[in-house]
There are 2 protein chains.
Amino acid sequence: MKIEGKEYRTIWFENNVVKIIDQTKLPHKFIIKDLKTVKDAINAILTMEVRGAPLIGATAAYGLVLALIENNDQSFLKKSAESLIRSRPTAINLKWAVDRIMNKLSGVNSNKILEIALNEAKEICEEDVKFCENIGLNGLKIIEKIYNEKKDTVNILTHCNAGWLATINWGTATSPIYHAYKKGIPIHVWADETRPRNQGANLTSYELNEEGIKNTIIADNTGGILMQRGEVDMCIVGTDRTLSNGDVCNKVGTYLKALAAHDNNIPFYVALPSSTIDWNIKDHKYIPIEERNSDELSHIEGLDDKGVVKKIQIYPKKSKAMNLAFDVTPAKYVTGLITEKGICEASTEGLNKLFK
Amino acid sequence: MKIEGKEYRTIWFENNVVKIIDQTKLPHKFIIKDLKTVKDAINAILTMEVRGAPLIGATAAYGLVLALIENNDQSFLKKSAESLIRSRPTAINLKWAVDRIMNKLSGVNSNKILEIALNEAKEICEEDVKFCENIGLNGLKIIEKIYNEKKDTVNILTHCNAGWLATINWGTATSPIYHAYKKGIPIHVWADETRPRNQGANLTSYELNEEGIKNTIIADNTGGILMQRGEVDMCIVGTDRTLSNGDVCNKVGTYLKALAAHDNNIPFYVALPSSTIDWNIKDHKYIPIEERNSDELSHIEGLDDKGVVKKIQIYPKKSKAMNLAFDVTPAKYVTGLITEKGICEASTEGLNKLFK
């Protein structure tokens, strides 16, 4: 996808260094950053320089490559794998990608190990691009159907950023949007601001602007009244972990939009590559919900009147804040799951039909 | 109620001037401002130096007093009344207070008119204080019941500010909380940040801090997961306009919390003085929903690292934003209405029993 007209991916390997777009600096600055060590990779995930379930999976895969470049001792590799998995608890892709690399490396000769790890990390990225493209082609059918009935701009609400910045390319929730746009279907996106980190404004609106897709940022509070007024034709969001029963763990606030969509008979879709499916946990109560630093709520960055990036404190000094990063949308509120293999019901049967 | 230990009301009349607390400066600065003309009063309502349905009603009443001080010509008074009503469209209290003063003045001798207007404006304030106190005593019973069952801290979620800063004293949604606190019931409040103007953080958390009541600010997205986890015992919010069928128009995002409360079997109460009831409109589709300037979303104020108040732009420069200020919570999601006359079902029958 494009930034200022130039094609980019969100992560790539070049001269023994992993290159990322530092997403904490968007939308005010576009900075490409080098990750040189596994510690750099862990830090990039922790501080959300990279974020989005598929992208942190890919970063963890490349993190193991960096670990091997530093020191191809098995115990260092194993410790690095554990630290990468621990860096953020909720998205399952982190564990998925690390396990995939570690399985590939098991029993491999040490002089081949780096090459194999690097190929597998690249393969994870290529596969994600292909999966996201297929998600787009599958989701496109839903948008086309709405457009054929409505014969007017299709208004799509999304929460957080499940865009190409959350993946390697295309995005999950945005991929059907990009595909519809390329087909000439008029699209308008309501981008939930997505407090506290404002990924909807900082990332989703930003990337849609760069691709020329009409969008409007709204407060997270606003989706309900827009749905009551008939100004939302469908919702599409991403997911950080999808249970085998179809329950969806995604950015905090997703659940509230699903409830409003349900109350107003508006289709609510979740787009995901199969790498976000957790086949093990059976009850969403056991999903570890990340609690992040409350400074992410009480402080915010932006441009001052001279165009300089400034951080300000917005809450009363005496106030406490609490920052849970995810919630769970029960399967019953999900109209369907848009995956690389097709669209299915958010249920054990639906997922089994596609993936087992 | 208290600020830095000193008793205040939110509005009072002194030496031919109306005094208000400039709420756009909170929580970073506490500034008392003089309103000297009806234009000052209109401007204070428009720019939200005063806000909250009961308080803007009182400000409009005093606005007419200021108009009479300026010029007691009937046509100026009538024009002022119209401008005051138009200054914000959604809260019904504005029209209610202006109509009440204008009815009182109808046919009154011009040498008595100022005195009568001033007395009626003061009476509107005194009545609001009494009504809010009664709301507190009535709502206290609900909190007491929860406490007697739970025997542990009662966790109450509120949205926006329906605190004493939104009224003359006590608040609507906060009045039961203040009364419970005075009775020694352990209380903790989850204060929804309430984007875009952050009244939950800037005002509700601020006033609870000043009164010594434990509270935690959360993003508007967070209420759902807290309810899923059993960390909310009840919700109480205010309202800007309550229809006679029990539908509640309140700060945008209220509806989403009501849906989540309903989905998790958590009681969702709305606290209101009868001045917010609109007996005329029968369908919430006809409530005028205010759309405010999108700068309120894209720009935000806070303290920089030197403690100076700064405004920064937080959205991508190319992005559009949209700022609807209210939504409607259908009566079926409201557990009960807490009024000055008692608690009733959110329905025509419920409201008629108390008020007709």
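Each remark here, short or long, concerns the structure printed above.
Values in this document were obtained by computation on a predicted structure and should not be read as measured data. (Residues numbered from 1 in each chain as written. Chains lettered and ligands numbered in written order. Predicted model: local features only at pLDDT ≥ 70, side-chain atom pairs only at ≥ 80, totals over all residues. Heavy atoms only, no water.)

A. Inspection of the pairing of strand β8 (residues 214–218) of chain B at higher detail. By the criterion of burial, β8(B) is predominantly enclosed, with 4 of the 5 residues buried. Sheet topology places strand β17 (residues 320–324) of chain A next to β8(B); 3 bridges connect them, and they run parallel. Considered in β8(B), the bridge of A321(A) is made with I217(B). Pairing of strand β7 (residues 187–192) of chain B with β8(B) involves 5 bridges; the strand directions are parallel. Pairing of A191(B) across the sheet is with I217(B), part of β8(B). For the crossover that starts at β7(B), traverses helix α7 (residues 199–211) of chain B and ends in the parallel β8(B), the hand is right-handed. (Buried < 20%, exposed > 50% of the residue type's maximum accessible area, 1.4 Å probe, protein only. Helix = DSSP H or I, 4+ residues; strand = E, 2+ residues; numbered from the N terminus. Pairing = 2+ DSSP bridges. Right-handed = clockwise from strand over helix to strand, strands pointing away.)

B. The nonpolar core, seen in detail. Membership of the largest hydrophobic core comes to 80 residues, with the highest contact counts inside it found for L337(A) and L337(B). With sequence-adjacent residues up to four places away left out, L337(A) is seen in contact with T242(A), V248(A), V270(A), L272(A), G342(A), I343(A), C344(A), E345(A), A346(A) and L351(A). Grouped together as the second largest cluster of nonpolar side chains are 74 residues, M1(A), A60(A), Y62(A) and A97(A) included. (Core = buried A, V, L, I, M, F, W, Y, C linked by side-chain atoms within 4.5 Å. Contact = heavy atoms within 4.5 Å.)

C. Broad picture of the packing of aromatic side chains. Applying the stated criterion across every chain, the model contains 8 aromatic pairs over all chains. Seen from their ring centres, F13(B) and Y62(B) are 6.0 Å apart, and the 5° between their planes marks the pair as stacked. Of this pair, F13(B) sits in strand β3 (residues 11–14) while Y62(B) sits in helix α2 (residues 53–70), and the two are 49 residues apart along the sequence. Taking the relative accessible area as the measure of exposure, Y62(B) reaches 4% and is therefore buried. By the ring-pair criterion, three or more aromatic residues cluster together here, those being Y8(A), W12(A) and F30(A). (Phe/Tyr/Trp six-rings, centres within 6.5 Å; stacked < 30°, edge-to-face > 60°.)

D. Spotlight on the sheet that holds strand β13 (residues 277–278) of chain B. Residue and element names in this part refer to chain B. Sheet architecture is open: 4 strands sit in the order β13-β10-β11-β18, paired in mixed fashion. In the strand order of this sheet, the two ends are held by β13 and β18 (326–329), each with one partner. Pairing between strand β11 (residues 248–251) and β18: 4 bridges, direction antiparallel. Note that in β18 the partner of K251 across the bridge is F326. Strands in contact with helix α9 (residues 254–263) are β11 and β18; relative to β18, the strand with the most contacts, it is inclined by about 30°. (Axes fitted to C-alpha atoms, helices over the stretch in contact; angles between N-to-C directions.)

E. Region of the structure containing the relation of the copies chain B and chain A. Between the two copies, chain B and chain A, the superposition gives an RMSD of 0.0 Å; the rotation angle is 180° and the shift along the axis is 0.0 Å. Here the symmetry operator amounts to a two-fold rotation axis. In terms of C-alpha distance to the rotation axis, chain B has L256(B) as its closest residue, with the C-alpha 2.9 Å off the axis. (Least-squares fit on C-alpha atoms with pLDDT ≥ 70 in both.)

F. Spotlight on the interface of chain B and chain A. The interface of chain B with chain A comprises 65 residues on the first partner and 64 residues on the second. Put simply, chain B and chain A have 4 salt bridges between them. Among the salt bridges present, the one from R195(A) reaches E193(B), with a minimum N-O distance of 2.3 Å. Counting across the interface, chain B meets chain A through 30 residue pairs in polar contact (both at pLDDT 80 or more). Going through the elements one at a time, α7, β8, α8 (223–228), α9, β15 (299–303), β16 (309–313), β17 (320–324) and β18 of chain B are the ones with two or more residues in the side of chain B that touches chain A. Split by residue class, the side of chain B that touches chain A holds 30 nonpolar, 18 polar and 17 charged. (Salt bridge = Lys/Arg side-chain N within 4 Å of Asp/Glu carboxyl O. Polar contact = N/O pair within 3.5 Å; in protein donor to acceptor, adjacent residues only side chain to side chain. Nonpolar A, V, L, I, M, F, W, Y, C, P; charged D, E, K, R; others polar.)

G. Quick look at the environment of G163(B). Position of G163(B) relative to the elements: it lies in the loop between β6 (154–158) and α6 (174–182). Excluding residues within four positions of it along the chain, G163(B) makes contact with G171(B), T172(B), T174(B) and E207(B).

H. Representation of unusual backbone geometry within the structure. Residues and elements named next belong to chain A. Look at the link from L26 to P27: it is a cis peptide, with omega at 5°. Residue placement: P27 occurs in the loop between β4 (17–21) and β5 (32–35). Cis peptide bonds are those with omega within 30 degrees of zero, and the linkage from R195 to P196 qualifies with 5°. Within the secondary structure layout, P196 lies in the loop between β7 (187–192) and α7 (199–211). Positive phi outside glycine occurs at M48, with the angle close to 65°. Of the residues examined, M48 reaches a relative accessible area of 3% and is grouped as buried.

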